[in-house]
Amino acid sequence: MGAVTVAVGIVVGFYLIRKYRESRWGKCKSKRRMEGKIVVITGANSGIGKETARDLASRGAIVIMACRNRQAALEALRDIRTTTGDGDLIFMDLDLADLTSIRTFASNFLEKFDKLDVLVNNAGVYVPPDERKKTKDGFEIHFGVNHLGHFLLTHLLLNRIESTPNSRIVIVSSSLYKYGQIDFDNLEAEKGWDTKKRNALYSNSKLANIFHGQELAKRLHGKGVGTFVLCPGFVYTGLMRYSAPRFSWAKKLFSCPSCFSSCAQQSRVRRHRSTVLSQKNLMKWNGPFWPTVKLRN
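Each value, and the rule that gives it
- Numbering of residues starts from 1 in each chain and follows the order in which that chain's sequence is written.
- Side-chain atom pairs in this predicted model are given and counted only at pLDDT of 80 or more, local residue features only at pLDDT of at least 70, and totals for whole chains, interfaces and linings cover all residues.
- Side-chain measures here rest on the full set of heavy atoms in the structure, leaving out hydrogens and waters.
- A residue's pLDDT is the confidence the predictor assigns to it, expressed on a 0 to 100 scale.
- Put simply, DSSP H or I for four residues or longer makes a helix, DSSP E for two residues or longer makes a strand, and each gets a number counted from the N terminus.
- Throughout, a residue-residue contact means that at least one pair of heavy atoms, one from each residue, lies within 4.5 Å.
- Here a salt bridge means any side-chain nitrogen of Lys or Arg lying within 4 Å of a carboxyl oxygen belonging to Asp or Glu.
- Classification of residues uses two cut-offs on accessible area relative to the type maximum, computed with a 1.4 Å probe and protein chains only: under 20% is buried, over 50% is exposed, and between them is partly exposed.
- Two strands pair if DSSP finds at least two bridges between them.
- In this analysis, axes come from line fits to C-alpha atoms, helices being fitted only over the stretch in contact, and the angle between any two N-to-C directions falls in the range 0 to 180 degrees.
- If an angle is under 35 degrees, it is roughly parallel; if it is over 145, roughly antiparallel; if it lies from 65 to 115, roughly perpendicular; otherwise it is oblique.
- Helix crossings get a hand from a simple test, with the near helix turned counterclockwise from the far one by less than a right angle marking a left-handed crossing and a clockwise turn marking a right-handed one.
- Only Asp, Glu, Lys and Arg are considered charged, only Ala, Val, Leu, Ile, Met, Phe, Trp, Tyr, Cys and Pro nonpolar, and every remaining residue, Gly among them, polar.
- In protein, a polar contact requires one atom able to donate a hydrogen and another able to accept it; more generally it is a pair of N or O atoms within 3.5 Å, and residues adjacent in sequence count only if both atoms are side-chain atoms.
- The patches described consist of residues with a relative accessible area above 30% and no salt bridge, like charges being joined within 9 Å and nonpolar side chains (Val, Leu, Ile, Met, Phe, Trp, Tyr) within 5 Å.
- Computed with the Shrake-Rupley method and a 1.4 Å probe, the accessible areas treat only the protein chains shown as cover for residues.
- With the strands aimed away from the viewer, a crossover counts as right-handed if its path from the first strand over the helix to the second runs clockwise.
- Residues belong to a common nonpolar core when they are buried Ala, Val, Leu, Ile, Met, Phe, Trp, Tyr or Cys residues joined through side-chain atoms within 4.5 Å.
- To estimate the expected span of a helix, subtract one from its residue number and multiply by 1.5 Å.
- Whether two aromatic rings pair depends on their centres lying within 6.5 Å, for rings of Phe, Tyr and Trp, where Trp uses its six-membered ring; planes under 30 degrees apart make the pair stacked, over 60 edge-to-face, and the rest tilted.

Draft legend 1. The confidence of the model for the protein chain, seen in detail. Summary statistics for the protein chain give a mean pLDDT of 79 and a share of 69% for residues scoring 70 or more. The least confident element of the protein chain is strand β10 (residues 295-296), whose mean pLDDT is 39; the most confident is helix α4 (residues 99-112), at 98. Low pLDDT, under 50, characterises residues 263-271; the predicted model gives this stretch 33 contacts beyond four residues in sequence or across chains. Taken together, the stretch residues 280-297 has pLDDT below 50 and engages in 55 contacts with residues farther than four places along the chain or on a different chain.

Draft legend 2. Here's a closer look at the pattern of salt bridges. Across all of its chains, the model carries twelve salt bridges by this definition. The partner of D88 in a salt bridge is R81, and the shortest N-O contact between them spans 4.0 Å. With relative accessibility at 36%, the residue D88 sits in the partly exposed group. R81 gets classed as partly exposed once you look at its relative accessible area, which sits at 46%. Between E162 and K223 there is a salt bridge, with its nearest N and O atoms 3.4 Å apart. Here K223 lies in the loop between α6 (200-219) and β7 (225-230) and E162 lies in helix α5 (residues 141-162), a separation of 61 residues in the sequence.

Draft legend 3. Inspection of the sheet that holds strand β2 (residues 62-67) at higher detail. With respect to topology, six strands assemble into an open sheet ordered β3-β2-β1-β4-β5-β7, the strand pairing being parallel. Unpaired on one side and paired on the other, β3 (88-93) and β7 mark the two borders of the sheet. Pairwise comparison of adjacent strand axes, ignoring direction, gives a mean angle of 15° for this sheet. Sheet topology places strand β1 (residues 38-42) next to β2; five bridges connect them, and they run parallel.

Draft legend 4. Looking closely at the side chain of D98. Relative to the helices and strands, D98 is located in the loop between β3 and α4. For D98, a relative accessible area of 11% translates into the label buried. Not counting residues up to four positions away in its chain, the partners in contact with D98 are K136 and D137.

Draft legend 5. Focus on the packing of α4 against α5. Two elements in contact, α4 and α5, have axes separated by 10 Å at closest approach and are oriented at 20°. For the element pair α4 / α5, the angle class is roughly parallel. Judged by the sense of rotation from one axis to the other, the crossing of α4 with α5 is right-handed. On α5, the residues that touch L99, I102, R103, F105, A106, F109 and L110 of α4 are G149, L152, L153, L156, L157 and R160. Looking at the contact of α4 with α5, its residues break down into ten nonpolar, one polar and two charged.

Draft legend 6. Structural view of the environment of R219. Mapped onto the elements of the fold, R219 is located in helix α6. A polar contact is formed between the side chain of R219 and the side chain of E215, at a distance of 2.9 Å.

Draft legend 7. Geometry of a nonpolar patch on the surface. Nonpolar side chains collect at one region of the surface, where V4, V8, V12 and L16 lie side by side and expose about 340 Å² of accessible area between them. When you line up the elements, V8 lands in helix α1 (residues 2-25). Given a relative accessible area of 46%, V8 falls into the partly exposed group.

Draft legend 8. Representation of the pairing of strand β4 (residues 118-121) within the structure. Alternating positions in β4 separate into two faces, V118 and V120 on one and L119 and N121 on the other, with burial throughout. Of the pairings in the sheet, the one linking β1 to β4 comprises three bridges and is parallel in character. Residue V39 lies in a different strand from β4, and its bridge partner there is V118. On the question of chirality, the crossover connecting β4 to the parallel strand β5 (residues 167-172) by way of α5 is right-handed.

Draft legend 9. Expanded view of the nonpolar core. Formed by 36 residues in total, the largest nonpolar core has its most connected members in V40, I64, F105, F109, L116, L157 and I169. Of all the elements in the fold, those that place two or more residues in this core are β1, β2, α4, α5, β5, α6 and β7. Broken down by element, this core gets its largest block of residues, eight residues, from α5. Setting aside anything within four residues of it in sequence, one finds I64 in contact with I38, V39, V40, I41, I90, M92, F105, F109 and F113. Counting 23 residues, the second largest nonpolar core, distinct from the first, contains L56, A57, A76 and V120.

Draft legend 10. Quick peek at α6. If you check α6, its first and last C-alpha atoms are 29 Å apart, about what 20 residues at 1.5 Å a residue would give, namely 28 Å. With 16 of 20 residues buried, α6 is to be regarded as a mostly interior element.

Draft legend 11. Here's a closer look at the packing of aromatic side chains. All told, the structure shown has three aromatic pairs when counted by the stated rule. Aromatic ring contacts, followed pair by pair, group F105, F109 and F113 into a single cluster.

Draft legend 12. Molecular detail of the pairing of β7. Burial runs high along β7: six of the six residues are buried. Burial along β7 is two-sided: the residues V225, T227 and V229 and G226, F228 and L230 are all buried. Pairing analysis gives six bridges linking β5 to β7, with the strands arranged parallel. Directly across from S167, in β7, lies its bridge partner V225.

Structure, rendered in structure tokens:
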């Protein structure tokens, strides 16, 4: 009986902690519809990107699912259509690790669509640094995909975004940017990286996202384009497939979706949806981040 009581107590304790944390995550209560709005979401085949696509499609938006994996994207598209009868979902091939693919995507998009209401730079990679992975063009994988790929994509689509009234750009960063440091003499990590940090190269790419958002906000000031940089919080998605196995048992417990962290379905009702649907004054910097940046000369 004693063991059962302890087990029940632990379960109830986890449940109460979970509910408390959920109450602090906040929710987007907007019921705004998006009929006729064209939205591009990178990495929309899984995780937060998929759930963001699901929500915006349910509001009537035309959602372009910009993904590298065609099969996964089409499966996600079919799944989303089973839960929402509104909006339109269109798959377009985009590999952020390939600059040629990015240029081809942008060219195809500009041919098919005469406006772009929302660009969500969501896709990202989190790979153990010691694997030393590179993009097709030879860039360090985190810097190449998480920053350079989205940087080029945004640049190629920027004129179309500027010509669309009340448009916006949403950049998904991470609070791990605080551990990043941009060294222009070591962008490819050829001289190594800080091994004391969990993934210094990922953190560097997220800091680069912050820089990108800041510069966009400055250049687009007064042009009716909202710039948002967000951290989705600690969300259990496929991005954790490399890091989770290396966690200690305590970290695994902390990251367990049923106990402490949020899952993609819950995250979509928060920052992503809020930034896309927000009707704040677009003349100001709208990002939740304005960090004390670290820049090494």
